[in-house]
Amino acid sequence: MAAVQVQLGAVVETAQGMVRGGIRDGILFFKGMRYGGDTSGRNRFMPPPPPRTWNSVLEAMDFGPRAPQETEAHANLAWRSWIRDLRP
């Protein structure tokens, strides 16, 4: 398998601050960009507020953290505990 060549790309200005992307196979990319602010607490079930601003150049070369996903094993455990609670 050949190594993938990724180069530093352009720095662009957004409403929140400067962002540096990458170039792969001649295509400029920006990964892990936040599209909204925190939606916990008072913001729960509300449209997301704008993301926070930043002062330095944000490196957008990699995706951010993934949202937690339930595995099939976890789903089965949750289902069993729910059924157990329904028994008299």
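Residues numbered from 1 in each chain as written. Predicted model: local features only at pLDDT ≥ 70, side-chain atom pairs only at ≥ 80, totals over all residues. Heavy atoms only, no water.

Caption draft 1: The arrangement of the overall build of the chain in detail. For the chain, the helix and strand inventory stands at one helix and four strands. Burial status across the chain gives 12% buried among its 88 residues. Long-range pairs, those at least 24 residues apart, make up 44% of the contacts in the chain between residues at least 6 apart in sequence. Per element, the accessible surface of the chain, about 8,000 Å² overall, is 55% carbon and sulfur. (Helix = DSSP H or I, 4+ residues; strand = E, 2+ residues; numbered from the N terminus. Buried < 20%, exposed > 50% of the residue type's maximum accessible area, 1.4 Å probe, protein only. Contact = heavy atoms within 4.5 Å. Areas by Shrake-Rupley, 256 points an atom, 1.4 Å probe, with all protein chains shown as cover.)

Caption draft 2: Representation of the packing of aromatic side chains. Under the counting rule described, the total for this entry stands at zero aromatic pairs. The ring of Phe-29 is capped by Lys-31, whose NZ or CZ atom sits 5.0 Å from the centre of that ring. The ring of Phe-45 is capped by Arg-44, whose NZ or CZ atom sits 4.8 Å from the centre of that ring. (Phe/Tyr/Trp six-rings, centres within 6.5 Å; stacked < 30°, edge-to-face > 60°. Lys NZ or Arg CZ within 6 Å of the ring centre and 35° of its normal.)

Caption draft 3: Molecular detail of the pairing of strand E2 (residues 18-24). Alignment of E2 against strand E4 (residues 58-59), held across two bridges, turns out to be parallel. From the neighbouring strand, Val-19 faces E4, where its bridge partner is Leu-58. Bridge analysis of E2 against strand E3 (residues 27-29) gives three bridges, and the strand direction is antiparallel. If you follow Ile-23 over to E3, its bridge partner there is Leu-28. The hairpin turn running from E2 into E3, its antiparallel successor, is two residues long, and Asp-25 in that turn takes a positive phi close to 55 degrees. (Pairing = 2+ DSSP bridges.)

Caption draft 4: Local environment of unusual backbone geometry. With a phi close to 55 degrees, Asp-25 is a non-glycine residue in the positive phi region. Of note, Phe-45 is a non-glycine position whose phi angle comes to about 65 degrees, a positive value. Turning to its location among the elements, Phe-45 is positioned in the loop between E3 and E4. The exposed category is assigned to Phe-45, whose relative accessible area is 75%.

Caption draft 5: Region of the structure containing the environment of Thr-14. The residue Thr-14 is located in the loop between strand E1 (6-13) and E2 in this model. Taking C-alpha positions, Thr-14 is 9.3 Å from Thr-53, a pair spaced 39 residues apart along the chain. Those residues in contact with Thr-14 that lie beyond four places of it in its chain are Val-19 and Trp-54. In this structure the side chain of Thr-14 is engaged in a polar contact, spanning 2.7 Å, whose partner is the backbone oxygen of Gly-17. (Polar contact = N/O pair within 3.5 Å; in protein donor to acceptor, adjacent residues only side chain to side chain.)

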